[in-house]
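Breakdown of the fold
The chain contents come next:
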Amino acid sequence: MGILSLISGWPGPSGFGSASTAEQVSDSIDASDLTVIITGGASGIGLETTRVLAMRGAHVIIAARNTKAANEAKQIILENNKNAKIDVLELDLSSLKSVKAFADNFKAHNLPLNILINNAGVMFCPYQLSQDGIEMQFATNHLGHFHLTNLLLDKMKETVAATGKEGRIVNLSSVAHLYTYEEGMRFDKINDKDSYSDKKAYGQSKLANLLHANELARRLKEEGANITVNSVHPGLIMTDLMRHSYRSIRIFKVFTFLLWKNVPQGAATSCYVALHPNLKGVSGKYFVDCNEYPASNFATDPELAKKLWDYSHNLVNSLQLS
Ligand SMILES: NC(=O)c1ccc[n+]([C@@H]2O[C@H](COP(=O)([O-])OP(=O)(O)OC[C@H]3O[C@@H](n4cnc5c(N)ncnc54)[C@H](OP(=O)(O)O)[C@@H]3O)[C@@H](O)[C@H]2O)c1
C-alpha cells in the first residue's frame with residue numbers, strides 16, 4: 001500500500017483499501033455478542049466507528065469527557081437504528097483520577113469487555129499541562145490510554161475465559177508517528193516547555209501509541225492471553241482534531257486533497273482491525289487503509305517499547321501517589 005493505492009483506492013491484500021468504508025469492511029459480520037469500549041466515540045472517526053459497530057449489533061460504550069455531546073451523538077445514532085445498544089460513561093483521559101473512576105464505573109456495570117478501541121486524541125495543542133502536570137498530548141493520547149488499558153485488562157481476560165472469544169485492543173496511532181522529536185521519545189524532557197513543538201509532541205504521542213500496542217502485544221503473547229493488540233493510521237480526515245490548526249490544515253488540504261478520506265472511510269481501518277475474522281491471532285501490527293503496513297524504526301524498536309512501558313508505569317504510579 002503506497003501513495004498510489006491511497007489515491008486510487010485500489011484494494012490491498014486484505015481486499016480493502018483507502019476507499020473502503022467502515023460499513024463495507026464490516027459487512028455481514030455479526031457483532032451482537034460483543035461489548036466494546038471506544039474512547040472519544042462521540043465525534044469524528046470515533047462516532048462513525050460507534051455507529052457502525054452498533055449497526056453490526058455490538059454493545060458500544062462511548063467513553064467521553066463531554067457526556068452531554070456523547071448522549072446527543074447516541075440519540076442521533078438511535079434515530080436511524082432504534083436497536084443500537086449504546087451507553088455513555090464519563091472519561092477524561094488527561095486525568096488519571098478520571099481514568100480510574102471510569103474503569104471502576106464500567107466494572108460496576110458487570111458487563112463483559114471484548115474490544116477496547118483507544119481512539120480519543122488531541123492534536124497540535126499549544127503547550128499545556130494536564131491535571132496531573134504532564135504535557136497534554138502525551139498525557140491524553142498515551143498516558144491516559146496506557147492507564148485505562150491496564151485497568152481494563154483483567155476484565156478483558158475474564159471475558160476471554162468466559163466466552164472463549166478473542167479479545168482485541170486497537171490503538172489509534174497516525175502516520176504522524178514518523179514526525180517526532182529527533183530522539184523519538186524524549187523521556188527526560190517530556191514536560192520541557194522551551195523546546196516544545198506542538199507538531200513533534202503530537203508525533204511523539206502517536207509513536208507512543210504504537211510502542212504501547214507493540215509492547216502490550218508482546219506481553220500478552222508471552223502470557224498466552226487470547227487478546228490481540230494492534231495500531232492503526234485511519235488516514236487524513238477533516239475532523240475536530242484539527243481545531244488547533246484549522247486554517248493551516250485547510251490550506252494544506254488544498255494541495256493534498258487527493259490524499260484525504262471522508263469520515264466513513266476514516267473509520268474503516270478501526271472497524272476492520274476490531275472486527276474482521278481475517279485478523280484472528282494477528283497482534284503487534286500496524287495497519288493503514290485496512291492493510292498491514294511497516295511502521296517507523298522507532299516504532300518497531302522493542303527496547304524503546306519496553307523503555308516506554310517502564311517509564312509510563314513509573315509515571316502513573318508516582319502521579320497516583322502525589
Ligand atoms: N483525523 C485525522 O486525520 C487523523 C489522522 C491520524 C490519526 N488520527 C487519530 O484518530 C483519532 C480520532 O481522531 P478524530 O479525527 O476523530 O478527532 P476528533 O473528532 O477530534 O475526535 C477525538 C475525540 O477524542 C476526544 N478527547 C479529546 N481529549 C479527550 C480527553 N482528555 N478525554 C476523553 N476524550 C477526549 C474528543 O472529545 P471532545 O469532543 O470532548 O474534544 C473527541 O471525541 C485520534 O487519536 C487521532 O490522533 C486522526
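Now for a description of the structure that goes with this document. (Residues numbered from 1 in each chain as written. Predicted model: local features only at pLDDT ≥ 70, side-chain atom pairs only at ≥ 80, totals over all residues. Heavy atoms only, no water.)

1. Structural notes on the site of the ligand
Taken together, 29 residues form the shell around the ligand, and within it Ser43, Arg65, Asn119, Tyr202 and Thr239 come nearest. Between the ligand and the protein, one listed contact pairs a nitrogen atom with a side-chain N or O atom of Asp92 at 2.9 Å. One of the backbone nitrogen or oxygen atoms of Leu241 is found 3.1 Å away from an oxygen atom of the ligand. Counting only elements with at least two residues in the shell around the ligand, the list comes to helix H3 (44-55), helix H7 (198-223) and strand S7 (236-237). In terms of residue class, the shell around the ligand is built from 12 nonpolar, 12 polar and five charged. (Near = heavy atom within 4 Å. Polar contact = N/O pair within 3.5 Å; in protein donor to acceptor, adjacent residues only side chain to side chain. Helix = DSSP H or I, 4+ residues; strand = E, 2+ residues; numbered from the N terminus. Nonpolar A, V, L, I, M, F, W, Y, C, P; charged D, E, K, R; others polar.)

2. Focus: the pairing of strand S3 (residues 85-90)
By the bridge criterion, six bridges tie strand S2 (residues 59-64) to S3 in an arrangement that is parallel. Residue pairing in the sheet places Ala64 in a bridge with Glu90 of S3. This β-α-β element, S2 to helix H4 (residues 67-80) to S3, shows right-handed connectivity. (Pairing = 2+ DSSP bridges. Right-handed = clockwise from strand over helix to strand, strands pointing away.)

3. Re the environment of Gly2
Relative to the assigned elements, Gly2 resides in the segment before helix H1 (3-8). The spatial distance from the C-alpha of Gly2 to the C-alpha of Gly12 is 9.7 Å, given a sequence separation of 10 residues.

4. What about the side chain of Ser283?
With respect to the helices and strands, the residue Ser283 is situated in the loop between helix H10 (268-275) and strand S9 (286-288). Owing to a relative accessible area of 7%, Ser283 belongs among the buried residues under this scheme. At a separation of 2.9 Å, a polar atom in the side chain of Ser283 contacts the main-chain amide nitrogen of Val229. (Buried < 20%, exposed > 50% of the residue type's maximum accessible area, 1.4 Å probe, protein only.)

5. Some remarks on the packing of helix H5 (residues 96-108) against helix H6 (residues 136-163)
The contact between H5 and H6 brings their axes to 9 Å, and the two run at 25°. Taken together, the axes of H5 and H6 lie roughly parallel to each other. As for the relative orientation of H5 and H6, their crossing is right-handed in sense. On H6, the residues that touch Leu96, Val99, Lys100, Phe102, Ala103, Phe106 and Lys107 of H5 are Leu143, Gly144, His147, Leu148, Leu151, Leu152 and Lys155. In terms of residue class, the contact of H5 with H6 is built from nine nonpolar, two polar and three charged. (Axes fitted to C-alpha atoms, helices over the stretch in contact; angles between N-to-C directions. Parallel < 35°, antiparallel > 145°, perpendicular 65-115°, else oblique. Left-handed = near helix turned anticlockwise from the far one by under 90°. Contact = heavy atoms within 4.5 Å.)

6. What to know about H7
Given a rise of 1.5 Å per residue, 26 residues ought to cover 38 Å, and the 37 Å separating the end C-alpha atoms of H7 matches this to within 8%. One or two positions beyond H7, positive phi appears at Gly224, with a value near 80°. (Expected span 1.5 Å × (residues − 1).)

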